[in-house]
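Remarks on the overall topology
One-letter residues, chain by chain:
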Amino acid sequence: MPLNKFFTALGQSFHSRELYRDAARRWKGVGFLYLFLLLALVWIPSMVEMHLDFSDFMLEQFPEFVSQIPDITIEDGEVSTDVPTPHEIRDPETGDLLAVIDLTGEIPSLDETEAKVLLTRTHLYMEQNNRPETRVFDLSNVKEFTLTQEDITGWGELARQWLVVIAYPFFVLFSYVYRILQALLYAIMGLLFARGAGVKLAYDASLRLTVLAITPPILLDTLRDLASLTVPLWWFLSFLIAMGYLYFGIHSNAEATASPASPP
């Protein structure tokens, strides 16, 4: 699809009967290329916002977090550090206890602390998110390892520069798979609408109408997300909007069929 027609279709998907007629009768394929271009476009502002937010965190809060982390060395499975322990690492913004380094044996497990991570002389304990369990890593097989603030700062800078770039195709791909499955299901409902309206419609044409019908809720959802608006039952409202436009698209073709004078 030429890009000029693609961008025109984005705006016209909100109101143009002619576009829905053209999609059903003249578009080739099932409309998945259009859907891919749509998702690749709408993820760009979200990725830019994510990059800006992450960059602010890395530049403002991350250095304060890193400053709490001492140099850590592991030799032949035994941990050593350059600060007295127990040593606490806290969230710079909330003050919540995030991690404890204890080489004295005073804190033998996470049950003895509010921290999510505990590093002892021979083990690393990590609390699992949303799970009532702890992962325990035996460090006895680690022959030599060193972690410094410079290492962490360097990794953080790489993440700040490249994380969003690497994440972007994955976000697009996962949303593309989800929207394809959604379109396949909605297209069946389109056939039911077409039968009720007396319109002869093939499944591939119903798919093309479906990808147009889900364009308005996708664009509105992008705006809602960028504006940080919380809309109760937004998923259900999006479904209703999509069904409304699918119904609109089907009946636009019904009108064209009923009126020979109507443009094709």
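Below, the structure is looked at part by part. (Residues numbered from 1 in each chain as written. Predicted model: local features only at pLDDT ≥ 70, side-chain atom pairs only at ≥ 80, totals over all residues. Heavy atoms only, no water.)

**So, the pairing of strand β3 (residues 87-90)**
- A one-sided burial pattern is seen for β3, the buried positions being His87 and Ile89 and the unburied ones Glu88 and Arg90.
- Taken together, the 4 bridges between β3 and strand β4 (residues 97-101) define a ladder with antiparallel strand orientation. When the bridges of β4 are listed, Glu88 appears paired with Val100.
- Hairpin geometry of β3 and β4 is characterised by an intervening segment of 6 residues between the two adjacent antiparallel strands and by a positive phi of about 80 degrees at Gly95. (Buried < 20%, exposed > 50% of the residue type's maximum accessible area, 1.4 Å probe, protein only. Helix = DSSP H or I, 4+ residues; strand = E, 2+ residues; numbered from the N terminus. Pairing = 2+ DSSP bridges.)

**Observations regarding the sheet that holds strand β2 (residues 78-81)**
- Strand order in the open sheet formed by 3 strands is β2-β1-β8, with antiparallel pairing between adjacent strands. The sheet terminates laterally at β2 and β8 (144-147), the two strands that pair on one side only. Direction aside, the axes of adjacent strands within the sheet are offset by 15 degrees on average.
- Alignment of strand β1 (residues 72-75) against β2, held across 4 bridges, turns out to be antiparallel. Across the sheet, residue Ile74 finds its bridge partner in β2, namely Val79. (Axes fitted to C-alpha atoms, helices over the stretch in contact; angles between N-to-C directions.)

**Considering the environment of Leu237**
- Within the fold, Leu237 resides in helix α8 (residues 234-258).
- Residue Leu237 is classed as partly exposed on the basis of its relative accessible area of 35%.
- Along the primary structure Leu237 and Gly196 are separated by 41 residues, whereas in three dimensions their C-alpha atoms are 23 Å apart.

**Remarks on unusual backbone geometry**
- For the peptide bond that leads from Thr85 to Pro86, omega is 5 degrees, which places it in the cis range.
- Residue position: Pro86 is located in the loop between β2 and β3.
- Here Ser228, not a glycine, exhibits a phi torsion of approximately 55 degrees, which is positive.
- Examined against the element boundaries, Ser228 turns out to sit in the loop between α7 (215-226) and α8.
- Owing to a relative accessible area of 59%, Ser228 belongs among the exposed residues under this scheme.
- The phi angle at Leu233 is positive, at roughly 55 degrees, despite the residue not being glycine.
- Relative to the helices and strands, Leu233 resides in the loop between α7 and α8.
- For Leu233, a relative accessible area of 56% puts it in the exposed group.

**A short note on the packing of aromatic side chains**
- Scanning the model with the defined rule gives 16 aromatic pairs in all.
- Ring plane angle 45 degrees and centroid distance 4.9 Å describe the contact between Trp43 and Phe171, whose orientation is recorded as tilted. Note that Trp43 is positioned in helix α3 (residues 32-60) and Phe171 in helix α5 (residues 149-197), a separation of 128 residues in sequence.
- In this structure Trp43 comes out as partly exposed when scored by relative accessible area, which is 21%.
- The exposure class of Phe171 is partly exposed, given its relative accessible area of 31%.
- Between Phe62 and Phe65 the ring centres are 6.2 Å apart and the planes differ by 35 degrees, which places this aromatic pair in the tilted class. Taken together, the residues span about one helical turn, with Phe62 and Phe65 both in helix α4 (residues 62-66) at a distance of 3 residues.
- Grouped by ring-pair contacts, the aromatic residues Phe6, Phe7, Trp27 and Tyr34 constitute a single cluster. (Phe/Tyr/Trp six-rings, centres within 6.5 Å; stacked < 30°, edge-to-face > 60°.)

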